[in-house]
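Breakdown of the fold
Here are the chains, one letter per residue:
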Amino acid sequence: MGFCVMISGVSMGLMFLCVSGFWVLPTEGAGRESFLRNSSFSSRPSSVNVGALFTYDSFIGRAAKPAFMVAIEDVNADQNILRGTKLNIVFHDSNCSGFVGTMGALQVMENKVVAAIGPQSSGIAHLISHVANELHVPLLSFAATDPTLSSLQYSYFLRSTQNDYFQMNAIADFVSYCRWREVVAIFVDDEYGRNGISVLGDALAKKRAKISYKAAFRPGADKSSLHDLLVSANLMESRIFVVHVNPDSGLNVFSVAKSLGMMESGYVWIATDWLLTAWDSGLDPKTMDLLQGVVAFRHYTPESNEKRRFKARWKSLRTKETSGGDDDGFNSYAMYAYDTVWLVARALDVFFSQGNRVTFSTDPNLRKTNGTNIKFSALSVFNEGERFLQVIHDMNYTGLTGPIQFDPEKNRINPAYDVININSRGPHRVGYWSNHTGFSVEPPETFYSKPPNTSVEHQRLNEIIWPGGVTKPPRGWVFPDNGEPLKIGVPNRVSYKNYASEEKNQLGVKGYCIDIFEAAVELLPYPVPRTYILYGDGKRNPSYDNLVNEVASNNFDVAVGDITIVTNRTKFVDFTQPFMESGLVVVAPVKGGKSSPWSFLKPFTVEMWAVTGLLFLFVGAIIWILEHRFNEEFRGPPRRQIITVFWFSFSTMFFSHRENTVSTLGRFVLLIWLFVVLIINSSYTASLTSILTVQQLTSRIEGMDSLITSSEPIGVQDGTFAYKYLVNELNIAPSRIIPLKNEEDYLSALQLGPRGGGVAAIVDELPYIKALLSNSNCEFRTVGQEFTRTGWGFAFQRDSPLAVDMSTAILQLSEEGKLEKIRKKWLTYSHECSVQIADTENYQLSVQSFWGLFLICGIVWFIALTLFCWKVFWQCQGLRPEEESDEVRVSEEASSSRSGRSLRAGSFKDLIKVVDKREVEIKEMLQQKSSKKLKGSQSSAETP
């Protein structure tokens, strides 16, 4: 923490000289005790000195001093620690002054201390860290939380408390948890305040948030200065205030805020750990009214039996200097001070156990006085300081404040904070924060055995009561109280004025976009003072890129109009939800297409014609196979049969086949096929009707691809993004692109054409093209497809919270149908034209449209042919002659053998003969063979 007011305007070098000039005689007391050295490497000194530098008369000092005293008493009374070596502590009051603190650090170092505990001020810690580096004395601070003290510059600095780096990340997580985007930082303008807020800004940036205003005040500022500071902060739109100040004067901030009405509903106050340090140290109960609804963070120290015993002993530890009134003055820094003394003692025990000893030597650099009377000879360098620092860094044990162990960056492991909400009953813990799990309602140590999980869905805090007694999280921002309404830039169009244009009414503007913006503003739950400012000279359409840049440059708060959302613009501003879809299309002159003598072929694709013809031939062949044995119309010479197959096949197209089907399978196949023919005929008729009746329009330009490959001029609307898109994205030469001011220029350029000084086509957004086609009596049409997909939105300044609320309002307008009503009001045209040229290919039918029908037909044909083949094969087997033997006629074995030979034998020629015979003849032959076989069996029975 930075809980001291430093003397300003004195450089560190000058201060060092001044201190050295005053420093002549060594201090008295425990520091005069000399170190006993033994020639044996393993022997321990009889005593060692440790320095303690802090401000006695402060919230932290009043708690730290008795904690130091009892820690020294406990260490020296414990025979298991230091084993006969007495630990002495050399105190010095820094008096909340950088000058006095540095002088005190030098006086403490005179006593050949092996470590210095303190200071509590981050500013003083920066100064005396240089002394610690020079003399190789570890500097252990129990209260200096400035994140920059952990830099590599201060190699001998080690803090036994938490680094403010983690506290600022906890605050950033809290801002993100509540879905706020901007905060106002109120801080004391010293190393502690500046560096902490700098880390907060970096942490917020990771959460897509920021510090919108930094309200800094000098250390020790009076209420008048704080009043002016808070008035300026209250003019900002953010209502989230993060207060990072000293506990001794920080309550003045809330006192002034209370008088200004800044502790009411709608405000959010977040305090760092200074507030609860002051609260725990004892405050006037009347101050509770100042802090209603404040959220504060406090170093988390896990509950333990040692902690409870220490707090029980605390009242007996108070002295006259530390009582501070009726309250006991206890806070968490008392435990950090106690643990720091024990950390030094345990580290010394390990240090001596490793065979090290304490020695000091003079530094030749400290004797170079350059002829001055400054005495550096009294200062000694701790020879084993670097080794002792490493021993301290490697310590691992559990103290009152929890596990004491350091990471490679010299920070305490497992940093955690209590999240406290102050309400009418006092401080109330609503949860915890740790860098292991983020926010939780259970103590952090319950999660350390599990993998880290800081995902959003696992973050949880109990209910918070905000200023004004509300439980719903405030919105966190309002319109600035500086009397300035929202400045809205509106393009002063000269064409398509129904979207946005000047008008002599209360607003000063009118149009489709203006009505949508006004309707969305009416849905917001708060008033939006606003004024519309026309952008452009009224002689030509303004550049929309320049209008967006004006918003990014803070000249406008928002731009309202037909502004297309494109990538380059989103890099500088935030857009709302699109309220109209848009995209670039190509418009070109068209002419009526000539009637083709081959139009009757267009209903089907080439593949469809080929597949249909093959199916007709195939069905004729199947019907011939199935009817050949039954129907005399399908018999005769080969030439006649081929003609019959072709005639029957194609005559089914018109249901005019003269041949009758006799067989059951043939009739079934023909029935399915006629159903298929019916569907094909109906589809062909419908498609041909559409092609012949719809007006066919043609154009030389087929789309954007043909326009790119040509060298003809292209027209674009003046001021829109189409020009840059064609040049930068499609690599079209700028000399080919001609800006056009209004609709008259559009029509004239298209009518003249490229040979008459006009353009071959126009590239513009679809909403404009619909109006153009209507006003031209549908003389022009779009060609090709829409080749970009964009939309229109309102452009706000980066991270503006109003953009989110307006997007929600636009969605609500769409759901309620109000967007459509506004569109009909402004964008209803007398002539509704078909936007795109009708393509005959859209009416062509392909095989894919009938593949399911063809599949069913194929399955039926396969089943019919399978049944027919099985029947023919069975008849062929029945007509084959049997081989009989006189010796064995009735033998079952011989009969089985003959049957097997009959199944295996066969001639393809005999099979063809059977297929070619009439069905009647086959049946007669089977009857004759059956009767002959019956007579043979009877004569065999009479012979015996």
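I will try to describe carefully the structure that is included in this document.

Time to look at the sheet that holds strand β28 (residues 714–717). Pairing within the open sheet is mixed, and its five strands lie in the order β29-β28-β30-β25-β31. Bordering the open sheet on either side are β29 (737–740) and β31 (780–783), each of which pairs with just one other strand. If you compare each strand with its neighbour and ignore which way they point, the axes differ by 35° on average. Bridge count between β28 and β29: four bridges; the pairing is parallel. The residue of β29 that forms the bridge with G715 is I738. Sheet strands touched by helix α21 (residues 743–752): β25 (584–589), β28, β29, β30 (761–765) and β31. Its angle to β30, the strand with the most contacts, is close to 150°. Running at roughly 125° to β30, helix α22 (residues 766–775) makes contact with β25, β28, β30 and β31 of the sheet.

Take the pattern of salt bridges next. One pass over the structure, following the stated rule, counts 26 salt bridges. A salt bridge links D173 to K207, with the shortest nitrogen-to-oxygen separation between them at 3.1 Å. Here D173, found in helix α5 (residues 164–177), pairs with K207, found in the loop between α6 (191–206) and β7 (210–217); they are 34 residues apart in sequence, far enough to count as distant. Here K818 and E816 are joined by a salt bridge, their closest N and O atoms 3.4 Å apart. Salt bridges here are not isolated pairs; linked through shared partners, they connect D280, R298, D418 and R429.

Now for the pairing of strand β10 (residues 295–299). Judged by how many residues are buried, β10 sits mostly within the fold: four of five residues are covered. Sheet analysis places strand β9 (residues 268–271) next to β10, joined by two bridges and oriented parallel. The partner of A271 across the bridge, within β10, is A296. Here β10 runs beside strand β15 (residues 416–423); their pairing, made up of five bridges, is antiparallel. Residue F297 lies in a different strand from β15, and its bridge partner there is V419.

What counts and how
Residues numbered from 1 in each chain as written. Predicted model: local features only at pLDDT ≥ 70, side-chain atom pairs only at ≥ 80, totals over all residues. Heavy atoms only, no water. Pairing = 2+ DSSP bridges. Helix = DSSP H or I, 4+ residues; strand = E, 2+ residues; numbered from the N terminus. Axes fitted to C-alpha atoms, helices over the stretch in contact; angles between N-to-C directions. Contact = heavy atoms within 4.5 Å. Salt bridge = Lys/Arg side-chain N within 4 Å of Asp/Glu carboxyl O. Buried < 20%, exposed > 50% of the residue type's maximum accessible area, 1.4 Å probe, protein only.

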